[in-house]
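As a plain string of letters, each chain reads:
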Amino acid sequence: MNATKSTFPLNAWYAAAYDVEVGRKLLARTICKQKIVMFRRTDGQVAALEDACWHRLLPLSMGTLEGDELTCGYHGLVYNAQGRCTHMPSQETLNPSACVRAFPVVEKHRFIWIWPGDPAKADPALVPDMHWNDDPDWAGDGKLITVKCDYRLVVDNLMDLTHETFVHGSSIGQRAVAEAPFVATHGDRTATVTRWMENIDAPPFWAGQIEHARGYRGKVDRWQIIRFEAPCTVNIDVGVAEAGSGAPPEDGRPGDRSKGVNGFVLNTVTPETDGSCHYFWAFARNYCLGEQRLTHQLREGVAGIFREDELVLEAQQIAIDEHPDHKFYNLNIDAGSMWARRLIDRMIAQEAPPAPVIPIRLAA
Ligand code: FES
Ligand SMILES: [Fe+2]
């Protein structure tokens, strides 16, 4: 890993927590190498402050919350939700520089999003679309896992699902995924990989879903449409429909998926450090919406599948650290992740300070 070059942009919204994680208890979390403390104000809004007291740097997460104010657990400086010190023990006059950084926060689609970069650039319209997470036409739930690897390895993993064949053979993997052709496209901030597998046997997971939801057993048309949004969100449109029922799009027109079951695997991966990340995922479905039991089963089932990924990713990170000069070769299957990495690199480059101008000295 390159110690000098940043591995992530700062001017971006990053998922910092699931909505349910943040309440009236102080929550400490490292986001993009910055220690942050989060809490809900009395009006329900989330505040995110630098987790280090202005006075002697004790983490504020070790302090106490009263109303909307946070008291440091060492010498009792009090801060408001904007990070400004409002009280110092044993003195009337407050030092005007006494404040800690407050981060822009947006709560949307079940996540608390934090902007660790320049607050003036924090446009809420840039929060990635993950609406399936709280849309009444979809049902689901997810989890957070902290993985000991560079967040870009998780992005690579999601952009190339041929790994399902080898890593997830007992659930969603099958030969067809590794063998079917795919199309990779990209925009300014997005990269998409589309794969259709027509008239195939469904893998165990999807065979179970379409039978449960529609009572159907037989060949299916299967799809995986992976959409990356820079720097670290990957939403995957997945599902199967009765073979030949018209699910694949034709001549630019969307297909008819009414004889199928559709899910969205929602992933957003927040760098914690250069070598670790917070991986937020959820699985939302558009069938059997009222079955809470199915929501629970699916969440636990997907958690098992992602555990298989976690083992691979952490082992890969250890191997990469052991071979810092190893050069990677890309295969056709790496097209999506190559685009994702290019878009990430572009965001990082846009934040890099301009190279110094070396004045030309004219000969006397
Ligand atoms: S370290 Fe926080 S008040 Fe002294
Ligand atoms: Fe996987």
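Residues numbered from 1 in each chain as written. Chains lettered and ligands numbered in written order. Predicted model: local features only at pLDDT ≥ 70, side-chain atom pairs only at ≥ 80, totals over all residues. Heavy atoms only, no water.

## What about the state of the cysteines?
The following threshold applies: Disulfides are defined as pairs of cysteine sulfur atoms found within 2.5 Å of each other. Exposure categories follow from relative accessible area, calculated using a 1.4 Å probe and restricted to protein chains: below 20% of the type maximum is buried, above 50% is exposed, and the middle band is partly exposed.
Following the criterion strictly, the structure yields zero disulfides and no others. Cysteine Cys 99 remains unbridged, with the sulfur of Cys 85 as its closest cysteine sulfur at 9.0 Å. Classification of Cys 99 by relative accessible area gives partly exposed; the value is 33%. Lacking any disulfide linkage, Cys 149 is separated from the closest cysteine sulfur, that of Cys 277, by 4.2 Å. Taking the relative accessible area as the measure of exposure, Cys 149 reaches 0% and is therefore buried.

## What to know about the coordination of the iron ion (ligand 2)
Stated formally: Counted as donors are the N, O and S atoms within 2.8 Å of the metal, or 3.2 Å for Na, K and Ca, while water is not among the atoms, so some sites may look incomplete. Under the classification used here, a metal with four donors is tetrahedral if each angle lies between 85 and 135 degrees, square planar if opposite donors are over 155 degrees apart and the others between 65 and 115, a six-donor metal meeting that same test is octahedral, and anything else is irregular.
Protein coordination at the iron ion (ligand 2): the donors are His 163 (NE2), His 168 (NE2), Asp 309 (OD) and Asp 309 (OD), at 2.1 to 2.3 Å from the metal. Seen from the iron ion (ligand 2), its four donor atoms lie at angles of 57 to 145°, and the figure they make is irregular. Sequence positions of the residues that donate to the iron ion (ligand 2) give the spacing H-x4-H-x140-D. Given the relative accessible area of 14%, His 163 is considered buried. A residue is classified by how much of its surface remains accessible, and His 168, at 1% relative accessible area, is buried.

## Quick notes on the pattern of salt bridges
Keep this limit in mind: Whenever a carboxyl oxygen of Asp or Glu lies within 4 Å of a side-chain nitrogen of Lys or Arg, that contact is scored as a salt bridge. Numbered from the N terminus, helices here are DSSP runs of H or I no shorter than four residues, and strands are runs of E no shorter than two.
A full pass over the atoms with the stated rule returns 21 salt bridges. When the shortest N-O distance is used, the salt bridge between Asp 19 and Arg 110 registers 3.1 Å. With Asp 19 in the loop between strand 1 (14-18) and strand 2 (27-31) and Arg 110 in the loop between strand 9 (105-108) and strand 10 (111-114), this residue pair connects regions lying 91 residues apart in the sequence. A residue is classified by how much of its surface remains accessible, and Arg 110, at 18% relative accessible area, is buried. A salt bridge links Lys 33 to Asp 274; its shortest N-O distance comes to 3.0 Å. With Lys 33 in the loop between strand 2 and strand 3 (34-40) and Asp 274 in the loop between strand 16 (260-273) and strand 17 (276-285), this pair connects stretches of sequence that are 241 residues apart. Residue classification places Asp 274 among the buried positions, given a relative accessible area of 16%. A single salt-bridge network, built from bridges that share partners, covers Asp 19, Arg 110, Asp 141, Lys 143, Arg 299 and Glu 300.

## Side note on the domain arrangement of the protein chain
The condition that has to hold: Segmentation into domains, and thus their bounds, comes from an automatic or database assignment. Put simply, buried area is how much 1.4 Å-probe accessible surface two parts lose in total, over both of them, once they are put together. Any pair of nitrogen or oxygen atoms within 3.5 Å is treated as a polar contact; in protein, a donor-acceptor pairing is required on top of that, and neighbouring residues in sequence qualify only through side-chain atoms on both sides.
According to the domain assignment, the protein chain contains domain 1 (14-124) and domain 2 (131-349). In this structure, domain 1 and domain 2 have C-alpha centres spaced 34 Å apart. Of the roughly 1400 Å² buried at the junction of domain 1 and domain 2 (both faces included), carbon and sulfur atoms supply 60%. On the domain 1 side of the interface with domain 2, the three residues burying the most area are Tyr 14, Tyr 18 and His 109, jointly 38% of the side's total. Between domain 1 and domain 2 we count two salt bridges in total. Note that Arg 110 is salt-bridged to Asp 141, the shortest N-O span being 3.0 Å. Where domain 1 touches domain 2, the interface holds 10 residue pairs in polar contact (both at pLDDT 80 or more). Secondary-structure elements contributing two or more residues to the side of domain 1 that touches domain 2 are strand 1, strand 2 and strand 10. Broken down by element, the side of domain 1 that touches domain 2 gets its largest block of residues, five residues, from strand 1.

## Here's the deal with the pairing of strand 17
Put simply, the rule is: By definition, two strands form a pair when at least two bridges between them are found by DSSP.
Burial of strand 17 is extensive: 10 of the 10 residues sit out of reach of the surface. Side-chain alternation along strand 17 places Ser 276, His 278, Phe 280, Ala 282 and Ala 284 on one buried face and Cys 277, Tyr 279, Trp 281, Phe 283 and Arg 285 on a second face that is also buried. Sheet analysis places strand 11 (residues 139-147) next to strand 17, joined by nine bridges and oriented antiparallel. In the sheet register, Gly 142 faces strand 17, and the bridge partner there is Ala 282. Where strand 16 folds back onto strand 17 in an antiparallel hairpin, the turn is made up of two residues.

## Comments concerning the side chain of Asp 51
Put simply, the rule reads: Note that His is not counted, nor are the chain ends; the positive residues are Lys and Arg, and the negative ones are Asp and Glu. Only heavy atoms enter the contact rule, under which two residues are in contact if any of them lie within 4.5 Å.
Along the chain, Asp 51 turns up in the loop between strand 4 (46-50) and strand 5 (64-66). The buried charged residue Asp 51 lacks any salt bridge partner; its closest oppositely charged side chain belongs to Lys 35, at an N-O distance of 7.3 Å. In this structure the side chain of Asp 51 is engaged in a polar contact, spanning 2.7 Å, whose partner is the backbone nitrogen of Ser 61. With sequence-adjacent residues up to four places away left out, Asp 51 is seen in contact with Ala 28, Lys 35, Ile 36, Val 37, Leu 58, Pro 59, Leu 60 and Ser 61.

## A look at the nonpolar core
Put simply, the rule reads: We define the nonpolar core as a collection of buried residues of types Ala, Val, Leu, Ile, Met, Phe, Trp, Tyr and Cys that are connected through side-chain atoms lying within 4.5 Å of one another.
Core analysis: the largest hydrophobic core is formed by 68 residues, its most contacted members being Met 38, Met 159, Trp 206, Phe 228, Tyr 279 and Phe 283. When residues in this core are grouped by element, the largest group, seven residues, is from helix 5 (residues 292-322). Summarising the domain contributions, this core has at least three residues from each of domain 1 (14-124) and domain 2 (131-349). Aside from chain neighbours lying at most four places away, what touches Met 159 is Ala 191, Val 193, Ile 226, Phe 228, Val 234, Gly 336, Ser 337 and Ala 340.

## Considerations on the packing of aromatic side chains
Keep this limit in mind: Any pair of Phe, Tyr and Trp rings, taking the six-membered ring for Trp, is counted once the centres come within 6.5 Å. Such a pair is stacked with planes under 30 degrees apart, edge-to-face with planes over 60 apart, and tilted for the rest. Consider the ring centre and the ring normal. A charge sits over the ring if Lys NZ or Arg CZ is within 6 Å of that centre and within 35 degrees of that normal.
Evaluated as defined, the whole model comprises 13 aromatic pairs. Note on Tyr 18 and Phe 111: the rings are 4.8 Å apart at their centroids and 45° apart in plane angle, and the pair reads as tilted. Here Tyr 18 is found in strand 1, whereas its partner Phe 111 is found in strand 10, with 93 residues between them in sequence. The class of Phe 111 is buried, set by a relative accessible area of 0%. Over the aromatic face of Tyr 329 sits the side chain of Lys 327, whose NZ or CZ is 5.4 Å from the ring centroid. The ring centre of Trp 339 lies 4.4 Å from the NZ or CZ of Arg 342, which sits over that ring.

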